[in-house]
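# Structural features, examined
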Amino acid sequence: MPIVVITGLPASGKSTRARQLRDHFVERGRKVHLISENEAVPKAGFGKNSHTGDSQKEKVVRSDLKSEASRHLNQDDLVILDAGNYIKGYRYELFCMSKVSRTTQCTVFTCIPQEEAWTFNSRRTAPDELPGDSETVQPVDNSDVPYTRETFDALCQRYEEPQSNNRWDSPLVVVLPKDTLDMEAIYNALYESQPLPPNQSTYNAPLGATNYLFELDKILQAIIKEILGAVKIKAFGQLRIPGSRNPVKVATSMNALQLNRLRQKFITSTCHASQTSPTPLEQVPHLFVQFINANTIGC
């Protein structure tokens, strides 16, 4: 699964370039998954400006985007990750994910002067509203929502520009606002080059039964800790859990004893179902959230 990582300043044309790439590769007969921050933020229940000012909310969205990209890993499809991707450490994580999957990657940098980007941003007119109940409202696209000046300047200040000599940013395609994307260069980078082999730092060795249970239980314990923390401060309702597409429903009656019983039942059911093929650990948060929601109805 080749991956195109799009990065750039806010309002630099990232989503426009992502759609151009999608349309081009679909025309060439490729199946394309376009994963967009513009949809991930409202889907998580956050406003466009409020989420960028909260590091915890940003972590949730980055985790959701990375998890969705990972779910589409296969040998044939193309994934386009349309987001700011402004942290070089996060781009390095995506690079490692590509190496583990033994696939190719290309970085597209939408280069633009900061004030020109602000001009483009000022033309946006949609209100920055929260989507409401994530169970009943369909995900919306907030690409036409403008950044406030404060948020825009903060994102520009935090932006870590990609460099072609960084292996995690290479091959790097730089495109200016008036440029035409070099589709052939991107195609060759993705489909005509050999993927980098995984090394000891990125290769996922098969887990033995004991290690698998240990890692599984560690994930479950962390989720329970998040839920109990919400109960402690009386933050009842929906709680976003990193790695899960759905929120967990925090009920007033939840306690450590009840959640640990559910944890034990989940481990037992997972082990029985996974005797031949263990459930991938990256899917566990979503499955455990579903399990909790299904077993605490009416609480």
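Residues numbered from 1 in each chain as written. Predicted model: local features only at pLDDT ≥ 70, side-chain atom pairs only at ≥ 80, totals over all residues. Heavy atoms only, no water.

Per an unreviewed UniProt entry, the protein goes by the name Protein KTI12 homolog and belongs to Drosophila mauritiana. UniProt, in its Sequence similarities (unreviewed entry) section for the protein, records the words "Belongs to the KTI12 family." (UniProt positions renumbered as here; feature names shortened; annotations may be inferred.)

In this section: the side chain of T110. Secondary-structure assignment places T110 in strand β4 (residues 105-110). Judged by its relative accessible area of 2%, T110 falls in the buried class. Of the polar contacts made by the side chain of T110, one reaches the side chain of S12; its length is 2.7 Å. (Helix = DSSP H or I, 4+ residues; strand = E, 2+ residues; numbered from the N terminus. Buried < 20%, exposed > 50% of the residue type's maximum accessible area, 1.4 Å probe, protein only. Polar contact = N/O pair within 3.5 Å; in protein donor to acceptor, adjacent residues only side chain to side chain.)

Considering all chains together, one arrives at ten salt bridges under this definition. Salt-bridge contacts for D23 lead to R22; the nearest nitrogen and oxygen are separated by 3.2 Å. Exposure remark for D23: the relative accessible area of 40% places this residue in the partly exposed category. Of the residues examined, R22 reaches a relative accessible area of 29% and is grouped as partly exposed. A salt bridge links E58 to R158; the shortest N-O distance between them is 3.3 Å. Note that E58 is positioned in helix α4 (residues 55-71) and R158 in helix α7 (residues 149-158), a separation of 100 residues in sequence. Of the residues examined, E58 reaches a relative accessible area of 9% and is grouped as buried. Within the structure, one salt-bridge network assembled from shared partners comprises E115, R149 and D153. (Salt bridge = Lys/Arg side-chain N within 4 Å of Asp/Glu carboxyl O.)

Tracing the backbone through its elements, the reader meets Q157 in helix α7. Considering only alpha carbons, one finds Q157 and L9, 148 residues apart in sequence, at a separation of 9.5 Å.

By secondary structure assignment, the location of E115 is in helix α6 (residues 114-122). Overall, E115 belongs to the partly exposed group, its relative accessible area being 46%. Of the polar contacts made by the side chain of E115, one reaches the side chain of R149; its length is 3.0 Å.

Before going further, it helps to spend a moment on the packing of aromatic side chains. Applying the stated criterion across every chain, the model contains nine aromatic pairs. Ring geometry for F25 versus Y187: centroids 6.1 Å apart, planes at 15 degrees, classification stacked. Placement of the pair is F25 in helix α1 (residues 14-27) and Y187 in helix α8 (residues 183-191), with a sequence separation of 162 residues. What makes F25 buried here is its relative accessible area of 0%. The interplanar angle of 35 degrees and the centroid separation of 6.0 Å between the aromatic rings of Y92 and F95 together place this pair among those described as tilted. You can see Y92 and its partner F95 sitting in helix α5 (residues 88-100), three residues apart, about one turn around the helix. Owing to a relative accessible area of 5%, F95 belongs among the buried residues under this scheme. Pairwise contacts between aromatic rings join F25, Y187 and Y191 into one cluster. For R30, the ring lying beneath its charged end belongs to Y191, and the centroid distance is 3.9 Å. (Phe/Tyr/Trp six-rings, centres within 6.5 Å; stacked < 30°, edge-to-face > 60°. Lys NZ or Arg CZ within 6 Å of the ring centre and 35° of its normal.)

Once that is clear, we can look at the pairing of strand β1 (residues 3-8). Counting buried positions over the six residues of β1 gives six, a clear majority of the element. Of the two faces of β1, the one holding I3, V5 and T7 and the one holding V4, I6 and G8 are both buried throughout. Direction of pairing for β1 relative to strand β3 (residues 78-82): parallel, over a ladder of four bridges. Its bridge partner being in β3, I6 is matched across the sheet by D82. When β1 meets β4, the two strands line up parallel, connected through six bridges. Along β4, the bridge assignment pairs T7 with F109. (Pairing = 2+ DSSP bridges.)

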